[in-house]
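Residue strings, one per chain:
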Amino acid sequence: VACLKKAGAGVLSADQVKHIGMVAMSALTASFQRREEDKKTNKKLAQDAGEEAEPEEQDDEEQDLRIACCEVHGALMHHHPDEYMQNGLELTLPLVKQLIQANVAVEDRKLAVFLSCDYLAHLNTRLTSQWPQFMPQLMQDVIHESAERRFLWNDLASMAHQIFQQLILAGL
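Note that this is a predicted model, so its numbers are computed, not measured.

Student: I would appreciate a short explanation of the side chain of H79 in the present structure.
Tutor: Take H79: it is sitting in helix 3 (residues 60-79). Classification of H79 as buried rests on a relative accessible area of 15%. There is a polar contact of 2.8 Å between the side chain of H79 and the backbone oxygen of K5. Setting aside anything within four residues of it in sequence, one finds H79 in contact with L4, K5, G8, A9 and G10.

Okay, structure coming up:
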């Protein structure tokens, strides 16, 4: 991630942006699959032992990996926004839409918020036509009973406010 952030704009071609985004998405998907397999294994072990399956604590290393994969996408958006709109958004927008559903764990919803903040910060007005696909669901966090979910909204609201100001100043 650090290399992508320090490399700057125009270093990667559109194909390279797409390839790096696909590799990061593959790693993210594999991490989610490992978590689900671990849940099934733990449930089976608990059943075999005649106990109730207790919710498993999220593996910090796997969560760190998932966050890093999202940061890769953020770095690509930052330095190659046009290429990302063409080749990267199609990778992450379906994931964001999946992770903003009401029944998703807060840890996963954070990933959607991280990506959405990057959308707003780096793709800004290029993405306004896509906002209806994720912003209304995320806005529900403003009034959510969970303080953690309300807190997640703060960063996103700040980014959205900046975009609204740009749109107003541009007369759109």
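Student: Explain the pattern of salt bridges here, please?
Tutor: A side chain of one charge can pair with a side chain of the opposite charge when the charged atoms of the two come close. Inspection of the entire model under this criterion finds 6 salt bridges. The salt bridge involving K18 is made with E90; its shortest N-O contact spans 3.9 Å. Placement of the pair is K18 in helix 2 (residues 14-48) and E90 in helix 5 (residues 89-99), with a sequence separation of 72 residues. For K18, a relative accessible area of 29% puts it in the partly exposed group. Of the residues examined, E90 reaches a relative accessible area of 49% and is grouped as partly exposed. One salt-bridge network, held together by shared partners, links R35, E36, K39 and D108.

Student: Even after reading the chapter, I still don't get the confidence of the model for the chain, so can you show me in this structure?
Tutor: Any region with low pLDDT has predicted coordinates that should not be read closely. On average, residues of the chain score 86 in pLDDT, and 94% of them are at 70 or above. Mean pLDDT in the chain bottoms out at helix 8 (residues 147-169), which sits at 75, and peaks at helix 5, which reaches 95.

Student: Just to check I follow, could you spell out the packing of aromatic side chains for this structure?
Tutor: Applying the stated criterion across every chain, the model contains 1 aromatic pair. For the pair Y119 and F134, a centre-to-centre distance of 5.4 Å together with 65° between the ring planes defines the contact as edge-to-face. Residue Y119 is found in helix 6 (residues 106-123), and its partner F134 is found in the loop between helix 6 and helix 7 (135-139); the two are separated by 15 residues along the sequence.

Rules of the game
- Residues numbered from 1 in each chain as written.
- Predicted model: local features only at pLDDT ≥ 70, side-chain atom pairs only at ≥ 80, totals over all residues.
- Heavy atoms only, no water.
- Helix = DSSP H or I, 4+ residues; strand = E, 2+ residues; numbered from the N terminus.
- Buried < 20%, exposed > 50% of the residue type's maximum accessible area, 1.4 Å probe, protein only.
- Polar contact = N/O pair within 3.5 Å; in protein donor to acceptor, adjacent residues only side chain to side chain.
- Contact = heavy atoms within 4.5 Å.
- Salt bridge = Lys/Arg side-chain N within 4 Å of Asp/Glu carboxyl O.
- pLDDT = per-residue confidence, 0-100.
- Phe/Tyr/Trp six-rings, centres within 6.5 Å; stacked < 30°, edge-to-face > 60°.

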